[in-house]
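# Remarks on the overall topology
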Amino acid sequence: MGTGIVSILLHILPYNGYWLQWIAKIIFAVNVFLFVAGCILSIIRYSLYPHTFKAVISHPVQSMFLGTFPMGLSTIIDMICFVCVPAWGPWAEHLAWALWIIDTVISIVCALSLPFLLYVTPLKKYL
Amino acid sequence: MSSDDDTHLSSMTAVWLMPVVTCVVNSGSGAIVANALTNTERSFATIVASYILWGIGLPLSMMVFVIYFQRLTIHKLPPKETIVSVFLPMGPLGSGAFS
């Protein structure tokens with residue numbers, strides 16, 4: 001998430017030099033790499049050890065960090081709109097729109113269900 | 001439910017905000033996506049959906065702010081391990097302003 005915001009900010013700084021845009025693009029690539037690496041690691045972790053997923057959801061603090069996934073994806077979508085759409089053409093805007101819809105669905109599910117799990121999970125389970 | 005099962009207000013940290021902020025951040029991103037789309041009907045739908053997301057996220061985060069404020073006044077600052085979370089309230093305020 002931090003790398004995503006840095007790349008967006010570098011891109012839209014008002015007194016820009018051409019070299020700054022390149023730094024923004026490099027940091028954007030790093031951001032995408034980190035995000036994909038995190039995704040793959042999470043998928044591997046939850047498929048090899050399925051009980052950890054239940055444990056994460058039941059824990060009062062750790063489950064909240066599941067919300068950072070849509071936020072990171074959001075910074076990637078922003079940079080796709082700024083950089084990839086002018087450079088790569090119309091298929092990039094379809095990609096950005098599709099990713100944004102997926103991100104929206106995930107974030108609404110997170111926002112409505114994670115606090116609910118907070119109310120419902122009894123204290124004894126995670127002590 | 002016995003009394004030792006009760007969750008204490010002192011155990012609350014600002015990380016409760018995190019799932020709600022995802023909606024607000026997404027609405028800001030939706031504005032940028034709508035700007036980049038060429039199909040005007042899709043752009044309009046994206047902007048309407050962004051408004052709805054903003055409407056879901058910001059009031060819920062205001063409610064969590066109230067609980068957090070009460071926790072701060074009654075139980076003072078959170079423990080040292082979670083002290084970084086005091087910066088989290090900036091998230092919905094900043095993203096909400098941007099949206």
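Values in this document were obtained by computation on a predicted structure and should not be read as measured data.

Here the focus is the overall build of chain A. Along the backbone of chain A there are five helices and zero strands. For chain A, contacts bridging at least 24 residues in sequence account for 63% of all contacts bridging at least 6. Summed over all atoms, the accessible surface of chain A reaches about 7500 Å², with 79% contributed by carbon and sulfur.

Right, let's get into the overall build of chain B. Helices and strands together make up the secondary structure of chain B, namely three helices and zero strands. Starting at the N terminus and walking to the C terminus, you meet the elements of chain B as α-α-α. Counting only contacts in chain B whose residues sit at least 6 apart along the sequence, the fraction spanning at least 24 positions is 76%.

Moving on, we get to the packing of aromatic side chains. Residue and element names in this part refer to chain A. Under the criterion given, the structure shown has one aromatic pair over all chains. Considering the side-chain rings of Phe35 and Phe69, the 5.3 Å spacing of their centres and the 20° angle between planes classify their relative orientation as stacked. Of this pair, Phe35 sits in helix H2 (residues 18–48) while Phe69 sits in helix H4 (residues 68–88), and the two are 34 residues apart along the sequence. For Phe35, a relative accessible area of 18% translates into the label buried.

Caution applies to low-pLDDT parts of the model: their predicted coordinates are not meant to be read in detail. Here chain A shows a mean pLDDT of 74. Residues at 70 or above account for 69%. Helix H5 (residues 90–120) of chain A holds the highest mean pLDDT among the elements of chain A, 83, whereas helix H1 (residues 2–12) of chain A holds the lowest, 59.

Core analysis: the largest hydrophobic core is formed by 18 residues, its most contacted members being A:Phe28, A:Ile76, A:Ile77, A:Ile80, A:Cys81, A:Trp100 and B:Val33. Per-element tally for this core: the top contributor is H4(A), with seven residues. Membership of the second largest hydrophobic core comes to nine residues, among which are A:Met71, B:Leu17, B:Val21 and B:Val64.

Once that is clear, we can look at the environment of A:Trp22. Tracing the sequence through the fold places A:Trp22 in helix H2. The class for A:Trp22 is partly exposed, based on a relative accessible area of 45%.

Bringing the packing of H5(A) against helix H1 (residues 18–36) of chain B into the picture now. Contact geometry for H5(A) and H1(B): axes closest at 8 Å, N-to-C directions at 160°. The orientation of H5(A) relative to H1(B) falls into the category roughly antiparallel. Where H5(A) crosses over H1(B), the handedness of that crossing is left-handed. Contacts between H5(A) and H1(B) involve A:Glu93, A:Ala96, A:Trp97, A:Trp100, A:Asp103, A:Thr104, A:Ser107, A:Ile108, A:Cys110, A:Ala111, A:Leu114 and A:Pro115 from the first element and B:Pro19, B:Val20, B:Thr22, B:Cys23, B:Asn26, B:Ser29, B:Gly30, B:Val33 and B:Ala36 from the second. Residue composition of the contact of H5(A) with H1(B), grouped by class: 13 nonpolar, six polar and two charged.

About the cut-offs
Residues numbered from 1 in each chain as written. Chains lettered and ligands numbered in written order. Predicted model: local features only at pLDDT ≥ 70, side-chain atom pairs only at ≥ 80, totals over all residues. Heavy atoms only, no water. Helix = DSSP H or I, 4+ residues; strand = E, 2+ residues; numbered from the N terminus. Contact = heavy atoms within 4.5 Å. Areas by Shrake-Rupley, 256 points an atom, 1.4 Å probe, with all protein chains shown as cover. Phe/Tyr/Trp six-rings, centres within 6.5 Å; stacked < 30°, edge-to-face > 60°. Buried < 20%, exposed > 50% of the residue type's maximum accessible area, 1.4 Å probe, protein only. pLDDT = per-residue confidence, 0-100. Core = buried A, V, L, I, M, F, W, Y, C linked by side-chain atoms within 4.5 Å. Axes fitted to C-alpha atoms, helices over the stretch in contact; angles between N-to-C directions. Parallel < 35°, antiparallel > 145°, perpendicular 65-115°, else oblique. Left-handed = near helix turned anticlockwise from the far one by under 90°. Nonpolar A, V, L, I, M, F, W, Y, C, P; charged D, E, K, R; others polar.

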